Amino acid sequence: MNETLTRFVRSKAPAGSDLPVLMTPAHAGEDLLSAVQRLRPQIEESLLLAGGVLLRGFSVPAVETFQQFASSFGHPLLKYEFASTPRSAVSASTGAGVYTSTEYPAHQSIPLHNEQAYTREWPMKIWFHCVTASPEGGETPIADSRAVYRRMPGHIRKRFEPGILYVRNFGEMDVPWQKVFNTESRAEVQAFCERSGIAWEWKDGDGLRTRQLCQAVETHPATGEQVWFNQAHLFHISAREAEEREVLEEIYGIENVPRNTFFADGSTIGDEIFDEVRAVLDAETVAFPWEEGDVLMLDNMLVAHARSPFKGPRKVIVAMAEPHGNLGRF
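Each chain has its residues counted from 1, running along the sequence as written. The predicted nature of this model means local features are confined to residues of pLDDT at least 70 and side-chain atom pairs, given and counted, to a pLDDT of 80 or more, with totals for whole chains, interfaces and linings taken over all residues. Just so you know, side-chain values use all the structure's heavy atoms and leave hydrogens and water out.

A. Highlighting the packing of helix H2 (residues 32–49) against helix H3 (residues 63–71). One way to put it is that H2 packs onto H3 with a least axis distance of 10 Å and a crossing angle of 30°. In terms of their interaxial angle, H2 and H3 are classed as roughly parallel. Taken as a pair, H2 and H3 cross one another with a handedness that is right-handed. Residues Leu-32, Leu-33, Val-36 and Ile-43 of H2 form the contact with H3, whose own contacting residues are Thr-65, Gln-68 and Phe-69. Amino acids outside the nonpolar list (Ala, Val, Leu, Ile, Met, Phe, Trp, Tyr, Cys, Pro) and the charged list (Asp, Glu, Lys, Arg) are all regarded as polar, and Gly is one of them. Of the residues in the contact of H2 with H3, the class split is 5 nonpolar, 2 polar and no charged. Angles run from 0 to 180 degrees between N-to-C directions of axes, and those axes are lines fitted to C-alpha atoms, restricted for helices to the stretch in contact. Secondary structure follows DSSP: runs of H or I at least 4 residues long count as helices, runs of E at least 2 residues long count as strands, and numbering of each begins at the N terminus. Working definition: roughly parallel below 35 degrees, roughly antiparallel above 145 degrees, roughly perpendicular at 65 to 115 degrees, and oblique for all remaining angles. In this scheme the handedness of a crossing depends on how the near helix is turned from the far one: anticlockwise by less than a right angle means left-handed, clockwise means right-handed. It only takes one pair of heavy atoms within 4.5 Å for two residues to be counted as in contact.

B. Representation of the side chain of Thr-140 in the model. With respect to the element layout, Thr-140 can be found in the loop between strand E6 (136–137) and strand E7 (142–144). For Thr-140, a relative accessible area of 3% translates into the label buried. Counting of polar contacts relies on pairs of N or O atoms within 3.5 Å, with two restrictions inside protein: one atom must be capable of donating a hydrogen and the other of accepting it, and residues adjacent in sequence are counted only when both atoms are side-chain atoms. Separated by 2.9 Å, the side chains of Thr-140 and Trp-290 make a polar contact. Here the side chain of Thr-140 touches Arg-314 through a polar contact of 3.3 Å, side chain to side chain. In this scheme, a residue with accessible area under 20% of its type's maximum is buried, one over 50% is exposed, and one in between is partly exposed, where area comes from a 1.4 Å probe on protein chains only.

C. Representation of the pattern of salt bridges. Here, a salt bridge means any Lys or Arg side-chain nitrogen found within 4 Å of an Asp or Glu carboxyl oxygen. Summed over the entire model, instances satisfying the criterion amount to 15 salt bridges. Glu-244 serves as the salt-bridge partner of Arg-240, at 2.8 Å between the closest nitrogen and oxygen. Its relative accessible area of 22% is what places Arg-240 among the partly exposed residues. The salt bridge involving Arg-245 is made with Glu-249; its shortest N-O contact spans 2.9 Å. Of this pair, Arg-245 and Glu-249 both sit in helix H9 (residues 242–252), 4 residues apart, which is roughly one turn of that helix.

D. Up close: helix H10 (residues 271–283). Compared with an ideal rise of 1.5 Å per residue, which puts 13 residues at 18 Å, H10 spans 19 Å between its outermost C-alpha atoms and is within 8% of the ideal. Every buried residue of H10 is listed here: Ile-273, Phe-274, Val-277, Val-280 and Leu-281. Down the axis of H10, the buried set is contained in an arc of 115°. They therefore lie on one face. Of the surrounding elements, those touching the buried residues of H10 are strand E4 (110–113), helix H4 (145–151), helix H5 (154–160), strand E12 (226–228), helix H8 (232–235) and strand E13 (259–263). An expected span of 1.5 Å times one less than the residue number is assigned to each helix. What the arc describes is the spread of directions from the helix axis to the C-beta atoms.

Quick look at the structure:
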């Protein structure tokens, strides 16, 4: 297995990083499912200590193998609800809970984020499986959310402590509400929002606006550590390209742009704040090239993930499990 070990190179990482912990087969051709019993104690320990594990060199003959591996950790795989980006279920034949990675254009980057940290309910575990590695780019960069919190300037941590207000306008410029909520029924949307602490407002032309106050910082339930846990920088209007932002604000007005974030009291967050946030995330980024067959397992609260631009074919699929949240807090 030395050859596999020497192929693992982080193309970017902060000093002292041990993300992700690499695990390799006990013998050539070892099936991933066969290795679960042997590896589970080490995986679970590494998830709490480092936050992420890369399983490389194992035989993963089918998507079903990945689905069964993710399911073997004791929690049913989750549906992708209250989505912020387009993605599709892979196939009914693989079993529930396996999705394509975010279907953004290949030339675009997807910044670091913890899955569904823009809500008050999220998965604790997330798995990625590289079915086809892109010949150029297409990495899934990751970062330690505890290290991000520690590195974040004190004035930003203090200002974000009360939470982040997310405002979304569903319609022609964003994912339609029917796809986000997996229903055509307004009554079902309203029931979901009421249950989840989301304020809603129906607009002309079958539009929908939602507002939700969510955490910016969270405490991990097992380790007790503080983690930077939000998607404020993704939803803020500054995440748009300058020309696109100008057009959106001109046509729709800032109150009607597809998505935006505000301080907990509803006041505007200046672009310069997110310049600092993004600089911290960049400083903590760990990147490495995918190899076909790789499985990356993350503690979704301890480690954020991203996607680099790519060229050529790329297929990375995703599964999530173990719901957690803070619905009673706000």
